[in-house]
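# Summary of the model geometry
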Amino acid sequence: GCRKRKSVRGCVVGPDLATLSLVMVKKGAEELPGLTDDQRPRRLGPKRASNIRKLFALEKKDDVRNFVVRRELEGKKKKKAPKIQRLVTPAMLQRKRYFRSQTRQRMVLSKKLKQEYSKRVVEYRQEQKELRAAEVAKKKKEKKAAK
């Protein structure tokens, strides 16, 4: 759909506005009912490996999978945990090694092919040079015979 243009009104609040977007800058002496009076914990924990490490002050050698914030489902005896992103696993390291080796193999192969090609170009140029020399010699011979 089309973007709704919002008019900037400064601090003027009229009866025609349905909702106001406000941000709490400073908390006063008393609590606001329904806003600051209750402490509600965050529903979900971090999903990224580095953020889990930061939350629990873990070291690099600690296993992040043991510290994932799990939540219990209502009415069930089941717990849910997020799939950890950016987790360094042996499979990932193996894949990285494989890709690097593939790159190296391609570099070696291209180097070899380039050498073969340059060798072939040199041979071809030499052949062309010889053919041209033979052609020139033939024309000289014909010119001499004509005189």
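Residues numbered from 1 in each chain as written. Predicted model: local features only at pLDDT ≥ 70, side-chain atom pairs only at ≥ 80, totals over all residues. Heavy atoms only, no water.

### Considering the pattern of salt bridges
The cut-off we apply is this: Within this document, salt bridges are pairs made up of a side-chain nitrogen of Lys or Arg and a carboxyl oxygen of Asp or Glu, the two lying within 4 Å of each other.
Evaluation of the coordinates by the stated rule reveals five salt bridges. Of the charged contacts in the structure, one is a salt bridge between glutamate 31 and lysine 27, with a shortest N-O distance of 3.1 Å.

### Focus on the nonpolar core
Rules: Nonpolar cores are built from buried Ala, Val, Leu, Ile, Met, Phe, Trp, Tyr and Cys residues. Side-chain atoms within 4.5 Å join them into one set. When accessible area is computed with a 1.4 Å probe and restricted to protein chains, residues below 20% of their type maximum are described as buried, those above 50% as exposed, and intermediate ones as partly exposed. Pairs of residues are marked as contacts when any of their non-hydrogen atoms sit within 4.5 Å.
Within the largest apolar cluster, five residues are counted, these being Ala49, Ile52, Val64, Val68 and Ile84. Residues contacting alanine 49, with those up to four places away along its chain left out, are Val64, Ile84, Gln85, Arg86 and Leu87.

### Topic: the layout of surface pockets
Operational definition: A pocket here means an open set of points on a 1 Å grid, computed over the protein atoms alone, that has protein on both sides within 12 Å along at least five of seven lines. A cavity is instead a set of points where a 1.4 Å probe fits but cannot get out; residues with an atom within 4 Å of a point line either one. Grid points are joined across faces, edges and corners, and a volume is the space filled by probe spheres set on the points. All residues other than Ala, Val, Leu, Ile, Met, Phe, Trp, Tyr, Cys, Pro, Asp, Glu, Lys and Arg, Gly among them, are scored as polar; the first ten of these are nonpolar and the last four charged.
Here the second largest pocket defines a volume of roughly 160 Å³. Lining the second largest pocket, in full, are Arg43, Leu44, Gly45, Val69, Arg70, Arg71, Lys80, Ala81 and Pro82. Tallied by class, the residues present in the lining of the second largest pocket amount to four nonpolar, one polar and four charged.

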